[in-house]
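Coordinates in review
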Amino acid sequence: MNIVVLGAGLVGAPMARDLAASTDVHVTVADIDPKALSRVTAMDRIETVKADLADKTVLTRILESADMAISAVPGFMGYATLQTILEAGKDVVDIAFFPEDPFALDALAKERGVTAVVDCGVAPGMSNMLVGHCHRQLDRTDSALIYVGGLPAIRRWPYEYKAVFSPIDVIEEYTRPAFYVENGVLVKRPALSDPEYVDFPGIGTLEAFNTDGLRSLYKTLKIPNMKEKTLRYPGHIEKIAVLRASGFFNTQPIEVNGVKIRPLDVTAKLLFPMWQLDEGEVDITVMKIVVEGEKSGARIRTTWDLVDRYDPQSKIHSMARATGYTATVVARLIGARRFSQKGVIAPEQIGSEPACMTFILEGLAERGVVYRETVEDI
């Protein structure tokens, strides 16, 4: 099977390495940045292509020999990239997390007879799958609550935050409106709103706030109460809120000394060196999913927990592993024809299939990303 990975960043490169470990998979990685491609050029059985993936003609040519694509491009390129992949008639697993509605491309995917799994990272992605899995097991689901965050193990002033994603994509979390469901009503709230403190054993107290993490869940599952909150070290919200209120995240160009420039571009350029995870720097991925409902007349609470850390042996950061390996395991699921539904597929649709969920949980555990389940009567 020929798989092309679009994007060789801190998540794209580990995905390529994981896929290339299978002798029946040939991997091509495409990126415009030679430095990014250098992360995989020394590896056997990975072909690299320097290419501008924003150029539709170039992207179409790269896709010609592929059986499947994994899209790890920045969010602002995600929708157009996915559309081009579907037009080329290729199955795809997408982790671009773009702001547009992916289901607008559902008819195109079905017309081309392809499977397009979107939002297939850790959250959204694995979080959706586990909610869908729990929902399938219950007679009635009353609530689903998701807490998730990626953190540096060592807190450093001023932001006490590091990421494997580009700063512009992270900033999207702080500017894009959040949606949640409360008593059956869809509620729209600003990002960073409704803060609360949550304790995690072995990590400490974290602050949680609203972000656009439910994504497709409120469209696909009839659960009357659903929320997703992002986790950071305490104090992070206030610092980001000040930047946002001061206009540092604005996309409208302003004139400075006769030059037009977007404040967001300057902010991202300044934040990148402070937010970038250094080689060997330990990071932690934390996720807790709590689903409550009724089964055979009994009230049940199911909790899924993930606490994952940087792997010193592979030298791959935790968030890259938790995000990227979810996508590569799902790619293998599709490649093995264990899931063949056509169209734009939300992760929870895969999670609602018990055999698929077992395949994914076992595949992640083999790669050291272990989710632990607790079921209790309430």
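Below is a summary of the structure that appears in this document. Please read all numbers here as calculations on a predicted model, not as lab measurements.

**Some remarks on the overall build of the protein**
- Scanning the protein from terminus to terminus reveals 13 helices and 18 strands.
- In summary, the protein has a C-alpha radius of gyration of 20 Å against a globular reference of 21 Å for 378 residues, a match within 12%.
- Its C-alpha atoms put the protein at 55 × 55 × 40 Å along the principal axes.
- Evaluated residue by residue, the protein yields a buried proportion of 53% over its 378 residues.
- Once local pairs closer than 6 in sequence are excluded, the contacts in the protein between residues at least 24 apart make up 67%.
- For the protein, the computed accessible surface area is about 16300 Å², with 51% contributed by carbon and sulfur atoms.
- Separation between the mean location of the 42 positive side-chain charges and that of the 50 negative ones in the protein comes to 1 Å.

**Description of the packing of aromatic side chains**
- According to the stated counting rule, one finds six aromatic pairs in the structure shown.
- Between the aromatic rings of Tyr-159 and Trp-275, the centroid separation amounts to 5.8 Å while the plane-to-plane angle is 90°, which identifies the pairing as edge-to-face. Residue Tyr-159 is found in the loop between β7 (140–152) and α7 (167–175), and its partner Trp-275 is found in helix α10 (residues 263–275); the two are separated by 116 residues along the sequence. Trp-275 carries the same exposure label as Tyr-159, and that label is buried.

**Considering the packing of helix α11 (residues 318–335) against helix α13 (residues 354–366)**
- Orientation of α11 relative to α13, taken along the N-to-C sense of each, is 130°, at an axis distance of 9 Å. When the interaxial angle is binned, α11 and α13 end up oblique. For the crossing formed where α11 meets α13, the hand is right-handed. In this structure, α11 uses Tyr-325, Thr-326, Val-329, Val-330, Arg-332 and Leu-333 to contact α13, whose residues at the interface are Cys-356, Phe-359, Ile-360, Gly-363 and Leu-364.

**Considering the nonpolar core**
- Counting 70 residues, the largest nonpolar core has Met-126, Ile-360 and Tyr-371 as its most contacted members.
- Here this core takes ten residues from α11, the largest share from any one element.
- When residues no more than four places from it in sequence are discounted, the contact partners of Ile-360 are Met-126, Met-129, Val-329, Val-330, Leu-333 and Ile-350.
- Counting 26 residues, the second-largest nonpolar core is a separate cluster that includes Leu-6, Leu-63, Leu-86 and Ala-109.

**Looking at helix α6 (residues 126–137)**
- Between its first and last C-alpha, α6 extends 17 Å over twelve residues, near the 16 Å set by a 1.5 Å rise per residue.
- When you tally the buried positions in α6, you get nine out of twelve residues, the bulk of the element.
- Taken as a whole, α6 has its buried residues at Met-126, Ser-127, Asn-128, Met-129, Leu-130, Val-131, Gly-132, His-133 and Cys-134.

**Some thoughts on the sheet that holds strand β5 (residues 91–94)**
- Across the sheet, seven strands lie side by side as β3-β2-β1-β4-β5-β6-β17; this open sheet has parallel pairing. Strands at the two margins of the open sheet, each flanked by one partner only, are β3 (46–50) and β17 (343–345). Along the sheet, successive strands turn relative to each other by an average axial angle of 20°, direction set aside.
- Across four bridges, the pairing between strand β1 (residues 2–6) and strand β4 (residues 68–71) is parallel. Opposite Ile-3, over in β4, you have Met-68 as the bridge partner.
- On top of the sheet, helix α3 (residues 56–63) reaches β1, β2 (26–31), β3 and β4; it is set at about 150° to β1, its chief contact.

**With respect to α3**
- Within α3, the full set of buried residues consists of Val-58, Leu-59, Ile-62 and Leu-63. Seen end-on, α3 carries its buried residues on one side only, within an arc spanning 135°.
- Where α3 begins, the capping side chain belongs to Asp-55, and its oxygen is found 3.0 Å from the backbone nitrogen of Thr-57.

**Describing the pattern of salt bridges**
- For the structure shown, the criterion picks out 27 salt bridges.
- Residue Asp-119 pairs with Arg-215 through a salt bridge whose shortest N-O separation is 2.8 Å. Here Arg-215 lies in the loop between β11 (204–210) and α8 (217–220) and Asp-119 lies in the loop between β6 (115–117) and α6, a separation of 96 residues in the sequence. Assigned by exposure class, Asp-119 and Arg-215 land together as buried.

**Structural notes on unusual backbone geometry**
- Looking along the chain, the bond that leaves Ala-123 and enters Pro-124 is cis, with omega of 0°.
- Trp-157 connects to Pro-158 through a cis peptide bond whose omega is 10°.
- Here Pro-158 shows up in the loop between β7 and α7.
- The backbone phi angle of Leu-192 is positive, close to 80°, even though this residue is not glycine.
- Take Leu-192: it is sitting in the loop between β9 (185–189) and β10 (196–200).

Rules behind the numbers
- Residues numbered from 1 in each chain as written.
- Predicted model: local features only at pLDDT ≥ 70, side-chain atom pairs only at ≥ 80, totals over all residues.
- Heavy atoms only, no water.
- Helix = DSSP H or I, 4+ residues; strand = E, 2+ residues; numbered from the N terminus.
- Rg over C-alpha atoms; globule rule 2.2 N^0.38 Å.
- Buried < 20%, exposed > 50% of the residue type's maximum accessible area, 1.4 Å probe, protein only.
- Contact = heavy atoms within 4.5 Å.
- Areas by Shrake-Rupley, 256 points an atom, 1.4 Å probe, with all protein chains shown as cover.
- Lys, Arg positive; Asp, Glu negative; His and termini not counted.
- Charge placed at Lys NZ, Arg CZ, Asp CG, Glu CD.
- Phe/Tyr/Trp six-rings, centres within 6.5 Å; stacked < 30°, edge-to-face > 60°.
- Axes fitted to C-alpha atoms, helices over the stretch in contact; angles between N-to-C directions.
- Parallel < 35°, antiparallel > 145°, perpendicular 65-115°, else oblique.
- Left-handed = near helix turned anticlockwise from the far one by under 90°.
- Core = buried A, V, L, I, M, F, W, Y, C linked by side-chain atoms within 4.5 Å.
- Expected span 1.5 Å × (residues − 1).
- Pairing = 2+ DSSP bridges.
- Arc of directions from axis to C-beta.
- Polar contact = N/O pair within 3.5 Å; in protein donor to acceptor, adjacent residues only side chain to side chain.
- Salt bridge = Lys/Arg side-chain N within 4 Å of Asp/Glu carboxyl O.

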